[in-house]
Amino acid sequence: ENILLDNNTVSNAYEPIHATGHTTEVFFDIGLIIQNNTVSDYNGSSVTSAGIATNNQASPIVQLNNISNCTGAIGQVYGIYSNSPNSTISRNTILSLVSAGSVHGINAISSAVIEKNKVANLTTTGNYDVAGIRKQGATTTGTINTVLMRYFYTTGSFELLTDAANLGNVLINLNIPPRI
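Because the structure is a prediction, the values reported are computed rather than measured.

### Let's talk about the nonpolar core
One finds I52, I80 and L97 to be the most contacted residues of the largest nonpolar core, which totals 26 residues. Sorting the residues of this core by element identifies strand 3 (17-20), strand 10 (66-73), strand 11 (77-83), strand 13 (93-99), strand 14 (103-108), strand 15 (112-115), strand 16 (118-124) and strand 17 (130-135) as the ones contributing at least two each. Once you skip the residues sitting within four places of it in the chain, I80 turns out to touch I52, V62, I67, I89, N92, I94, G105, I106 and N107.

In structure tokens:
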């Protein structure tokens, strides 16, 4: 409880920052803050990998982090992955994530507030989805996020928080086909 991960630099790791708590919700860890960290050059190989991941934490805060350069992966890749209720994910910068599998800048499974993040240059070299910000929690909201993506494949999908609860988000889809 009351864990602060602040001002760290992590590179060349499978999953650079990963915090998992107890599997029973009443025992979830509380007081987790992950901020001001630099994560770069990570690669999940053939499995799922995230620059920063939280699981089974109560109300974690993930803010002011810089995540970049995940390349060469063939599994799912996330900049930030949260499976923790009532997460706050704000003011993070996520750049240049590449995988042959799915690529998501931010993926929130449980309820979360996602705001003021910048996500750019997400690419799949396979036939999978690319999501700047994906919400899967019913009460997830987000405002003023900016997502700039190059989306190369037409059979997958791309998405951003775009429902009525998420006004103010900007998606710039360059939709530039690859050169052959």
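### Here's the deal with the packing of aromatic side chains
Going through the model one piece at a time under the given rule, you end up with one aromatic pair. On the basis of an interplanar angle of 45° and a centroid distance of 5.0 Å, the ring pair of Y78 and Y81 is categorised as tilted. We note that Y78, like Y81, is buried.

### Observations concerning unusual backbone geometry
Phi is positive for D41, which is not a glycine, with a value near 55°. Since its relative accessible area comes to 37%, D41 is described here as partly exposed. The backbone of L64 shows a phi angle near 60°, a positive value even though the residue is not glycine. The topology assignment puts L64 in the loop between strand 9 (61-63) and strand 10.

The rules behind the values
- Residues numbered from 1 in each chain as written.
- Predicted model: local features only at pLDDT ≥ 70, side-chain atom pairs only at ≥ 80, totals over all residues.
- Heavy atoms only, no water.
- Core = buried A, V, L, I, M, F, W, Y, C linked by side-chain atoms within 4.5 Å.
- Buried < 20%, exposed > 50% of the residue type's maximum accessible area, 1.4 Å probe, protein only.
- Helix = DSSP H or I, 4+ residues; strand = E, 2+ residues; numbered from the N terminus.
- Contact = heavy atoms within 4.5 Å.
- Phe/Tyr/Trp six-rings, centres within 6.5 Å; stacked < 30°, edge-to-face > 60°.

So, to be careful, I would describe these as geometric facts and stop short of saying anything about function.
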